[in-house]
Amino acid sequence: MKIGGNLQAVLQARGVAPESVREALGWDRDTLDRVLADRLSPGISELLRLATFLGVGISELLGGAEQIGKKAVKTGAGERVGVDRKNFLHYESLASAFAGRHLEPFVVEVYRGAQGNEDVSRHAGEEFLFLLSGELQVTVAGEEFRLEAGDSLYFDSQLPHALSSLGESCRLVAVIYKGASMLQLTKGHGMKSVIEAARLVQGQSLVLVCPDATSLRAVNKGIEEGILETAYLVGNRACIEESCGRDLLFPGQYRFVDLEPGGEYEREAARIGVELIRSGAGDMLMKGGLKTAVIIKAALAKEEGIGTGRRLSNVSIFELPGVERLVFLTDPAINPELFAHAEAASGVDIIDNAIEVARALGVERPKVALLEANEVPSEKIPTTLLEQTLSKREWEGADVSGPLSYDLALYPEAVAKKGMVGNPVAGRADILVVPHISGGNFLYKSWVFTMGAEVANVVLGASAPIILTSRSDSDLTKFLTICASALYSHFLRGKGKGEKGLC
């Protein structure tokens, strides 16, 4: 990921001094010089932090501003990057430099392979093949088609299909239409950067407990968009195939963990799902068609769980109209209140969880606002006194302030009007912490349903992110949740290895 030239162009266009980038990311001079000279490639977390600091999308750092919105892009014969699969298939993209494309055109070489070794595929959309040379057999849903040079075939690519050369080799043009990608459907550059960064994370696997059609479609979108490599489907295979047969689109990426139905079926599925996370097979745990309490109980089991000793909490990640940064809201879904037993220390875990996920998504030093009705501590509102106690605490890698009202947390003009000076959080908060679940829930639903804000949700506090999607969540919300969880999982792995992030 060489970004030196593009980074220099962004710095020049925005009037940002290279020294400020070095300070913001904690790099030394040699590191910055090597990145700018393309002698050092930044890691995924550094890309996110750069994009967040500069207020641009990752695509501008990777591809350059001139590629964004470009209407015509030539791909020279020497510019195609080839990929080999199973030693009998070689393909090259014919339009990899065109941003936001709806079609994926390839030139493909198919070589004679061992019978039965064909690569069976299923994916959303439609596919068109035009044979340039040789003879090709295409099998679509069990029906065989024999193509000679000049023949073409158009089919529904959700059906299982495979290619086999009838001679030593054949050559064809293949065009895949997938419709609008999630990147195109996403409005803000912050969420676009989350998607692009998640695509750069390699080898992510997800454990889906008790799959149903809704959860499986979300996982499929993660596979289709290149976020997930493997999905473990934990449950009775026959039941899954009966209820979700039309959505089992990626047999090569699924790993079935078959269970007998009846008895303690949900509890056993949750236990096995958690064990897959504990063993390192899975990077994130996702709830399917089972009760939330069952999967949470399995995750927090003392002997076999994935708890870390922290309180579990939900962090909702928003791109709000008029706010030029991602905003993290906690906790609108799990904890009834920030403070258990009216103790200030009990709120630390929830705040730490939010700080971690904000850092995982590129916020170098998160600014945390502890929300209340106003900024004046009062015995009439006991939570304001507890928040004041937390704001005086030493926080590593974050600025925490409270109590703050909603307007003082987010909007600099409100801060100016009230004459609040010297507060590092006021008007610039990245994280909003609510004292009670009701306030968080009101904010969440008003932002989503009234403002149309884009959102992802991650449950934190365990050794891996937990995905608890709701049936009312949009397809985009579920997809963004998988992206954010993939980035947080990547962050946890790097943290466990003590990685600095540059590679």
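Calculation rules
- Residue positions within a chain follow its written sequence, with the count starting from 1.
- pLDDT decides what is reported in this predicted model: residues at 70 or higher carry local features, side-chain atom pairs at 80 or more are listed and counted, and totals for whole chains, interfaces and linings draw on all residues regardless.
- Only hydrogens and water are set aside; all other atoms, that is, all heavy atoms of the structure, feed into the side-chain values.
- Helix numbers and strand numbers start at the N terminus; a helix is a DSSP run of H or I with at least 4 residues, a strand a run of E with at least 2.
- What the globule rule says is 2.2 Å times the number of residues to the power 0.38, and the radius of gyration is computed from C-alpha atoms.
- Buried, partly exposed and exposed residues are distinguished by accessible area as a fraction of the type maximum, computed with a 1.4 Å probe on protein chains only: under 20%, between the cut-offs, and over 50%, respectively.
- Should any heavy atoms of two residues lie within 4.5 Å, those residues are considered in contact.
- Here the Shrake-Rupley method, with its probe set to 1.4 Å, supplies the accessible areas, and only the displayed protein chains count as covering residues.
- When DSSP finds two or more bridges between a pair of strands, those strands are recorded as paired.
- If you view a crossover with the strands going away from you and the path from the first strand over the helix to the second runs clockwise, you call it right-handed.
- Here the axes come from fitting lines to C-alpha atoms, over the contacting stretch only for helices, and the angles between their N-to-C directions go from 0 to 180 degrees.
- The cut-offs work like this: below 35 degrees is roughly parallel, past 145 is roughly antiparallel, 65 to 115 is roughly perpendicular, and the gaps in between are oblique.
- Take the far helix as the reference: if the near one is turned anticlockwise from it by less than a right angle, the crossing is left-handed, and if turned clockwise, right-handed.
- Side-chain classes are defined by residue name, with Ala, Val, Leu, Ile, Met, Phe, Trp, Tyr, Cys and Pro counting as nonpolar, Asp, Glu, Lys and Arg as charged, and the others, Gly among them, as polar.
- Nonpolar core, defined: a set of buried Ala, Val, Leu, Ile, Met, Phe, Trp, Tyr and Cys residues in which side-chain atoms within 4.5 Å join the residues together.
- The arc refers to the directions leading from the helix axis to the C-beta atoms.
- Definitions used for this entry: grid spacing 1 Å over protein atoms alone; cavity, a set of points where a 1.4 Å probe fits but cannot get out; pocket, an open set with protein on both sides within 12 Å along at least 5 of 7 lines; lining residue, one with an atom within 4 Å of a point.
- Grid points are joined across faces, edges and corners, and a volume is the space filled by probe spheres set on the points.
- Here the aromatic set is Phe, Tyr and Trp, taking the six-membered ring for Trp, and pairing holds for ring centres within 6.5 Å; pairs whose planes are under 30 degrees apart are stacked, those over 60 apart are edge-to-face, and all others are tilted.
- N or O atoms within 3.5 Å of each other form a polar contact, as long as, within protein, one can give a hydrogen and the other can take it, and as long as residues adjacent in sequence are counted only when both atoms are side-chain atoms.

A. Region of interest: the overall build of the protein chain. When helices and strands are tallied, the protein chain shows 17 helices and 20 strands. The C-alpha radius of gyration of the protein chain comes to 25 Å, within 12% of the 23 Å expected for a compact globule of 503 residues. In terms of its C-alpha atoms, the protein chain occupies a principal-axis envelope of roughly 85 × 65 × 40 Å. When burial is assessed residue by residue, the protein chain has 50% of its 503 residues classed as buried. Counted over contacts in the protein chain with a minimum sequence separation of 6, partners at least 24 positions apart contribute 70%. A total accessible area of about 23200 Å² is found for the protein chain, and carbon and sulfur atoms account for 51% of it.

B. Just the pairing of strand S10 (residues 205-209), in detail. Across the five residues that make up S10, a large majority, five, are buried. The alternating pattern of S10 places Ser205, Val207 and Val209 on one face and Leu206 and Leu208 on the opposite face, and all of these are buried. Bridge count for S10 against strand S11 (residues 230-235) is five bridges, and the pairing is parallel. Each residue of the ladder has a partner; that of Val209, found in S11, is Val234. After leaving S10, the chain enters helix H8 (residues 213-224) and then returns to the sheet as S11, a path that is right-handed.

C. Structural view of the pairing of strand S3 (residues 103-111). Counted residue by residue, S3 has seven buried out of nine residues, so it is predominantly covered. With nine bridges connecting them, S3 and strand S9 (residues 169-177) associate as antiparallel partners. Within the sheet, the bridge partner assigned to Leu103 lies in S9 and is Tyr177.

D. Representation of the packing of helix H2 (residues 18-25) against helix H4 (residues 44-54) in the model. Across the interface, H2 lies against H4 with an axial gap of 11 Å and an inter-helix angle of 125 degrees. Judged by the angle between their axes, H2 and H4 are oblique. As for the relative orientation of H2 and H4, their crossing is right-handed in sense. Mapping the contact onto sequence places Ser20, Val21, Ala24 and Leu25 in H2 and Glu46, Arg49, Leu50, Phe53 and Leu54 in H4. The residue makeup of the contact of H2 with H4, split by class, is six nonpolar, one polar and two charged.

E. The arrangement of the environment of Ala358 in detail. When you line up the elements, Ala358 lands in helix H12 (residues 348-360). We classify Ala358 as buried; its relative accessible area is 0%. Between the C-alpha atoms of Ala358 and Ala333, which are 25 residues apart in sequence, the distance is 18 Å. When residues no more than four places from it in sequence are discounted, the contact partners of Ala358 are Phe328, Val363, Pro366 and Ile431.

F. Representation of the nonpolar core in the model. Among the nonpolar cores identified, the biggest contains 85 residues, and Ile317, Phe328 and Leu361 are the most heavily contacted of them. With nine residues, the single largest contributor to this core is helix H17 (residues 475-497). Excluding residues that lie within four positions of it along the chain, Phe328 makes contacts with Val315, Ser316, Ile317, Val357, Ala358, Leu361, Val363, Asp430, Ile431 and Leu432. Within the second largest apolar cluster, 25 residues are counted, among which are Tyr232, Ala269, Leu276 and Ala464.

G. Summary view of helix H13 (residues 382-391). Taken residue by residue, H13 has Thr383, Thr384, Leu386, Glu387 and Leu390 as its buried positions. For H13, the buried positions fall inside an angular range of 160 degrees around the axis, keeping them on one side. Elements that come into contact with the buried residues of H13 comprise H12, strand S16 (367-371) and strand S17 (399-404).

H. How the structure looks around the environment of Asp399. Counting through the fold element by element, Asp399 comes out in strand S17. Put simply, Asp399 and Val434 are 35 residues apart on the chain and 16 Å apart in space, counted from C-alpha to C-alpha. Excluding its chain neighbours within four sequence positions, the residues that come into contact with Asp399 are Arg365, Pro366, Lys367, Val368, Pro424 and Val425.

I. Region of interest: empty space enclosed by the protein. Under the defined criterion, the tally for this structure stands at two cavities of 30 Å³ or more. Space inside the second largest cavity adds up to approximately 40 Å³. Taken together, Thr330, Asp331, Asn335, Glu337, Leu338, Ile350, Val433, Val434, Pro435, His436 and Ile437 make up the full set of residues lining the second largest cavity. A breakdown of the residues in the lining of the second largest cavity according to their chemical character gives six nonpolar, three polar and two charged.

J. Here's a closer look at the sheet that holds strand S6 (residues 143-148). Spatial ordering of the open sheet is given by S6-S5-S8, a layout of three strands whose pairing is antiparallel. At either margin of the open sheet sits one strand with a lone partner, and together these are S6 and strand S8 (161-165). When the angles between neighbouring strand axes are averaged without regard to direction, this sheet yields 20 degrees.

K. Spatial organisation of the packing of aromatic side chains. All chains considered together, the criterion is met by eight aromatic pairs. On the basis of an interplanar angle of 80 degrees and a centroid distance of 4.7 Å, the ring pair of Phe318 and Trp447 is categorised as edge-to-face. Linking Phe318 in strand S14 (residues 313-319) with Trp447 in helix H16 (residues 437-450), this pair joins segments that are 129 residues apart in sequence. Judged by its relative accessible area of 1%, Trp447 is buried. Seen in terms of ring centroids, Tyr406 and Tyr411 are 6.2 Å apart; in terms of plane orientation they differ by 65 degrees. Their pairing is edge-to-face. By way of ring pairs, the aromatic residues Phe318, Tyr406, Tyr411, Tyr444 and Trp447 are connected into one cluster.

L. Representation of the side chain of Glu92 within the structure. Relative to the assigned elements, Glu92 resides in strand S2 (residues 89-93). The buried category is assigned to Glu92, whose relative accessible area is 17%. Within polar-contact distance, the side chain of Glu92 engages the side chain of His90 at 3.0 Å.

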